[in-house]
Amino acid sequence: MTHFTAASLALLVVPIASLEARAADIQFSRDIRPLLIEKCYACHGPDHAKREGELRVDQESGMYVKRDEPTVVRGKPEQSALYRRLVTDDEDELMPPLDSQKTLTEEQKKLIKDWIAQGAVWQQHWSFTKLSQPAVPEQTEPGFSVNAIDHFTLESMQSAGLTPSPRANRVTLARRLSFDLTGLPPTPAAVDAFVQDKSPNAYEELVDSLMASEHFGERMAIYWLDVARYADSNGFHGDNPRTMWLYRDYVIEAFNSNMPFDLFTKQQLAGDLMPDGGNQALIASAYNRLLQTTQEGGAQANEYYVRYAADRVRNTAGTWLGTTMGCVECHNHKFDPFSLKDFYSMAAFFADIDEPAHAGPPHTKIVSDEQQAQIKTLDEKIASLNEEIKTTTPEALTELRKKQDTTIAALDADVKAATPETSASVKQKRAETIAALEAEIKAATPETLIQAKQKLDETTAQRKKLWDSLPQLIVTKAKGDPRVVRILARGDWMDESGEIVEPAIPEFFGKLDTPGRRANRLDLANWIASPDNPLTPRVFVNRIWMLYFGAGLSKNLSDAGSQGASPTHSDLLNYLSADFVEHGWNVKRLVRQIVLSGTYRQSSLANDEQRQKDPFNRMLARQNRWRLEAEMVRDAALSISGLLVPKIGGPSVKPYQPPGYWMHLKFPNRTWQHDTGENQYRRALYTWWQRTFLHPSLLAFDAPSREECVPQRARSNTPLQALVLLNDPSYVEAARKFAERIVNQGGDSVESRVAFAIRQAVSRTAGDKEVEILGELYEQQLQEYAADKPAAEKLLATGLSPRDSSVELTQLAAWTDVARAVLNLNETITRN
């Protein structure tokens, strides 16, 4: 049986040209490095523990170093051991050894020979090269080319003997843009407006309106929360709940407000260390607390501190750098330039996070400036009332009366001593002073003590109500004395003999400039989001591209290292990445560039030539189509039915879930209590995310548990998905309410109602065959329910929303089944 790695598969799935055709234009990164990784790295790669013969072929210096037997002599393959050892008849000299089962084909041997003959030009791995903007190709195609993206894709199409597909029709474009930019289907009115708009800027205006929608941030958050591993539970042991929704809302708002991605990065990794970050940065810092934690009483503290550190290294590297740093927790990387020391040096950045090892993490109240001012006012009022109460005790009253007697006696003496000229003023002063004393005594009476205590109780209760209403969140707070971090042999947390390390980025990338002080998370964040770091923009741009084409320019979104896939359009990826940084890490600008391109606007229908030459559409001569993400499938059903509540943000919600689904969730035992009212019909983005028992409807459509960074979800096609769409209470209720719309708004005939249903669900005009089949389904179900009205009652009792009693029972039940079929259409849940 033949086994393939990601690197070798890349050679198979990218239909650029055959190996023979590449000989005229051999590129080390594209053609040679994948062979070396597959055939040579095991013994001559980055891992010094496995390295033989002190030979490295993963570094330029190792490849061209002077040796008794030169590895590579540029232009002379017969004098180069790299080639001679491949073709020798001496089994003792043959490389790779026969027992390695890594033999090269004759074509692959010739490829290496030709590369050496052409000068053996070395190229750094594509993702590590310095970012620079390549020249835009001159190729253009009338009716296709809109911006620079199209010049790059057209060049690749032409090199593969392909031509662009025609533009998708306007209905398809409206649906594509609506799903891609908001995660929701368009309304028929929005589709009609776009179809009928003949202005030259109609498409651009639709793009801009959708990107200005607050739902844009929700759609982008679905992607980012997978990457950041957001959840409402802690994952380990009892998978206990925690309050994290403010972070989710921060992400939505960040994308809606077009926060620069470099700032977005810094706030999440080190918001608590930013002097002027305010609440926004503090909320963002919850990213560091999204990892899995435990509340198990018997857990070993040191073990879990090591686990938490390893999680943060893996996921920070995966989120922003697209590198598999998790591989170096126990040993040096087998393929990429990362060492064991790099792993623990990076972990040291997070050693300052103040957190318990195994207790429930403390939550912090998030107080706005306005709320802070309200609290200050209430505190001042409480202090004043306390002071007032303090002066109204019996002892204080006795002292006041003594003071009054003494003062009056002194005033009487002043009156007796007054001259005729001063007598009037002295008497006036006496009267005013006595009045003031009497008022002070009156204020200190028991009755006043009771207007005062009541006010204090009311004000204290008011303050408590305000405080209790404040949202809370697990944020990052820095310790004064960071934990000691050691290199752990094989990742063994009990081994304390390893070298102590300080915070540092992987040595391959250089060193941080922090003279005279320990580097911190803000230094790490500044480096990650630096224009000098080529990984971050490339990784982010590649993933954003995936959102709008279904696959990245580099297919492996989790690994931009040597085991990942080389980009099919490396110049395009470099162009977009450099442009992204040059324009202030502007996310909306990047998205707009992509969706405005002619490449994006192509039809997704493949012709025979495209299927033959480019079955996986790596040359982008057409658009792709795919099933919607799990959240969008549910949102589409709610939107079509009219049930969707489009409110933005707020605490997580609990839609219907099968009884007993949480029966195995222990410590403590818990049951799912579904929400009532508007929370039942919120977007699925806001669903409570229980890591060990993810909502089954979302799970069926491949939503991840978010235990780790997930840059791209799997897409399965299973019978269970159809059963969810047919039987999950959320979808049955949606079908019931959709049926009410069909009857009330779809006209009087069966045909017009079927046409209405299709138009609402998939935005287009129904075909004659569809009208016929769905009409027959309606008549069939109508007869069944007429004969079994209890079945109709049972069906229509699904869900909390009230039933429209003006629609006849069996008729509504039959149309509900038609609606269930329409919501189950492949087209309804597909982005074309």
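The rules behind each value
Residues numbered from 1 in each chain as written. Predicted model: local features only at pLDDT ≥ 70, side-chain atom pairs only at ≥ 80, totals over all residues. Heavy atoms only, no water. Helix = DSSP H or I, 4+ residues; strand = E, 2+ residues; numbered from the N terminus. Buried < 20%, exposed > 50% of the residue type's maximum accessible area, 1.4 Å probe, protein only. Lys, Arg positive; Asp, Glu negative; His and termini not counted. Charge placed at Lys NZ, Arg CZ, Asp CG, Glu CD. pLDDT = per-residue confidence, 0-100. Contact = heavy atoms within 4.5 Å. Patch = residues over 30% accessible without salt bridge, like charges linked within 9 Å, V, L, I, M, F, W, Y side chains within 5 Å. Areas by Shrake-Rupley, 256 points an atom, 1.4 Å probe, with all protein chains shown as cover. Salt bridge = Lys/Arg side-chain N within 4 Å of Asp/Glu carboxyl O. Axes fitted to C-alpha atoms, helices over the stretch in contact; angles between N-to-C directions. Parallel < 35°, antiparallel > 145°, perpendicular 65-115°, else oblique. Left-handed = near helix turned anticlockwise from the far one by under 90°. Expected span 1.5 Å × (residues − 1). Core = buried A, V, L, I, M, F, W, Y, C linked by side-chain atoms within 4.5 Å. Phe/Tyr/Trp six-rings, centres within 6.5 Å; stacked < 30°, edge-to-face > 60°. Lys NZ or Arg CZ within 6 Å of the ring centre and 35° of its normal. Polar contact = N/O pair within 3.5 Å; in protein donor to acceptor, adjacent residues only side chain to side chain. Nonpolar A, V, L, I, M, F, W, Y, C, P; charged D, E, K, R; others polar.

1. Remarks on the overall build of the protein chain
At step 1: Within the protein chain, the secondary structure is distributed over 36 helices and 4 strands.
At step 2: C-alpha atoms of the protein chain, sized along the principal axes, occupy 135 × 85 × 55 Å.
At step 3: Going through the 832 residues of the protein chain one by one, you find that 53% of them count as buried.
At step 4: Averaged over its 96 positive side-chain charges, the protein chain has a centre that lies 2 Å from the centre of its 111 negative ones.

2. Considerations on the confidence of the model for the protein chain
At step 1: Confidence in the prediction for the protein chain averages 92 pLDDT; 96% of positions are at 70 or higher.
At step 2: pLDDT under 50 marks residues 1-23. Its contacts with residues more than four places away, or in other chains, come to 36 contacts.

3. With respect to the side chain of Ser730
At step 1: Checked against the element boundaries, Ser730 lands in helix H32 (residues 729-745).
At step 2: Judged by relative accessible area, which is 5%, Ser730 ranks as buried.
At step 3: If we skip the residues at most four places from it in the chain, Ser730 touches Arg634, Pro655, Tyr656 and Gln680.

4. So, a negative patch on the surface
At step 1: Side chains of Asp89, Asp90, Glu91 and Asp92 sit close together on the surface and give a patch of like negative charge.
At step 2: On the secondary structure map, Glu91 appears in the loop between helix H6 (81-87) and helix H7 (106-117).
At step 3: Among the residues examined, Glu91 registers a relative accessible area of 57% and is labelled exposed.

5. Thoughts on helix H17 (residues 340-347)
At step 1: Across the 8 residues that make up H17, a large majority, 7, are buried.
At step 2: Within the sequence span of H17, burial applies to Leu340, Asp342, Phe343, Tyr344, Ser345, Met346 and Ala347.
At step 3: Contacts from the buried residues of H17 go to helix H16 (301-321) and helix H23 (521-528).

6. Looking at the side chain of Thr71
At step 1: Within the element layout of this structure, Thr71 appears in the loop between helix H5 (60-64) and H6.
At step 2: Overall, the relative accessible area of 4% leaves Thr71 in the buried class.
At step 3: Discounting residues that sit within four places of it in the chain, Thr71 has contacts with Leu55, Gly62, Met63, Ser80, Ala81 and Leu82.

7. Digging into the packing of helix H8 (residues 148-159) against helix H25 (residues 570-582)
At step 1: Running from amino to carboxyl end, H8 crosses H25 at an angle of 165°, the nearest separation of the two axes being 9 Å. One element, H8, and the other, H25, form an angle in the roughly antiparallel class. Every pair of crossing elements has a handedness; the one defined by H8 and H25 is right-handed. Here Ala148, Ile149, Phe152 and Thr153 of H8 lie close against H25, whose contacting residues are Asp571, Leu572, Tyr575 and Leu576.

8. Points about the environment of Ile773
At step 1: With respect to the helices and strands, the residue Ile773 is situated in helix H34 (residues 768-787).
At step 2: Overall, Ile773 belongs to the partly exposed group, its relative accessible area being 46%.
At step 3: Separated by 45 residues in the primary sequence, Ile773 and Val818 place their C-alpha atoms 10.0 Å from one another.

9. A short note on helix H36 (residues 809-823)
At step 1: The terminal C-alpha atoms of H36, which comprises 15 residues, lie 21 Å apart, in line with the 21 Å expected from a rise of 1.5 Å per residue.
At step 2: Counting buried residues along H36, 13 of its 15 residues qualify, which places the element largely inside the surrounding structure.

10. Overview of the nonpolar core
At step 1: Membership of the largest hydrophobic core comes to 168 residues, with the highest contact counts inside it found for Leu181, Trp224, Tyr247, Ile544 and Tyr548.
At step 2: Membership of the second largest hydrophobic core comes to 23 residues, among which are Leu36, Cys40, Leu55 and Leu82.

11. With respect to unusual backbone geometry
At step 1: The omega torsion of the bond from Met95 to Pro96 falls at -10°, within 30 degrees of zero and hence cis.
At step 2: In this structure, Pro96 sits in the loop between H6 and H7.
At step 3: Phe667 connects to Pro668 through a cis peptide bond whose omega is 0°.
At step 4: One can find Pro668 in the loop between helix H29 (630-641) and helix H30 (696-700).
At step 5: We note that Asn258 has phi near 60°; this positive angle belongs to a residue other than glycine.
At step 6: With respect to the element layout, Asn258 can be found in the loop between helix H13 (245-256) and helix H14 (261-270).
At step 7: The class of Asn258 is partly exposed, set by a relative accessible area of 22%.
At step 8: Although it is not a glycine, Asp702 adopts a positive phi angle of roughly 75°.
At step 9: Locating Asp702 in the fold gives a position in the loop between H30 and helix H31 (719-727).

12. Examining the pattern of salt bridges
At step 1: Scanning the entire structure with this criterion turns up 49 salt bridges.
At step 2: Here Glu502 ties to Arg518 by a salt bridge, and the two come within 3.2 Å at their closest N and O atoms. Of this pair, Glu502 sits in the loop between strand E2 (472-473) and H23 while Arg518 sits in the loop between E2 and H23; the two residues are 16 residues apart in sequence, bridging distant segments of the chain.
At step 3: In this structure, the salt-bridge partner of Arg713 is Glu631, at a minimum N-O distance of 2.7 Å.

13. What about the packing of aromatic side chains?
At step 1: This structure, assessed with the given rule, holds 36 aromatic pairs.
At step 2: Judged by centre distance (5.3 Å) and plane angle (55°), the rings of Phe255 and Phe264 are tilted.
At step 3: Its relative accessible area of 4% is what places Phe255 among the buried residues.
At step 4: It is Lys654 that lies over the ring of Trp672; its NZ or CZ is 5.5 Å from the centre.
At step 5: Above the ring of Trp689, the side-chain terminus of Arg706 is found at 3.6 Å from the ring centroid.

14. Details of the environment of Lys76
At step 1: Position of Lys76 relative to the elements: it lies in the loop between H5 and H6.
At step 2: In this structure Lys76 comes out as partly exposed when scored by relative accessible area, which is 43%.
At step 3: As a C-alpha pair, Lys76 and Trp320 span 244 residues in sequence and 41 Å in three-dimensional space.

15. A closer look at the environment of Gln123
At step 1: In this structure, Gln123 sits in the loop between H7 and H8.
At step 2: Once the C-alpha coordinates of Gln123 and Ile32 are considered, the two residues, 91 residues apart in sequence, prove to be 9.8 Å apart.
At step 3: When neighbours within four sequence positions are excluded, Gln123 is seen to be in contact with Gln27, Phe28, Ser29 and Arg33.
At step 4: There is a polar contact of 3.1 Å between the side chain of Gln123 and the backbone nitrogen of Phe28.
At step 5: Engagement of the side chain of Gln123 in a polar contact is seen with the backbone nitrogen of Ser29, the distance being 2.9 Å.

16. Topic: the packing of H32 against helix H33 (residues 750-762)
Axes are the key here: two packed helices are described by the angle between their axes and the distance separating the axes.
At step 1: Two elements in contact, H32 and H33, have axes separated by 9 Å at closest approach and are oriented at 130°. Taken together, H32 and H33 sit at an angle that is classed as oblique. As H32 packs across H33, the resulting crossing turns out to be right-handed. Judged by residue contacts, Phe738, Arg741, Ile742, Val743 and Gln745 of H32 engage Arg753, Phe756, Ala757 and Gln760 from H33.
At step 2: Of the residues belonging to the contact of H32 with H33, the class tally is 5 nonpolar, 2 polar and 2 charged.

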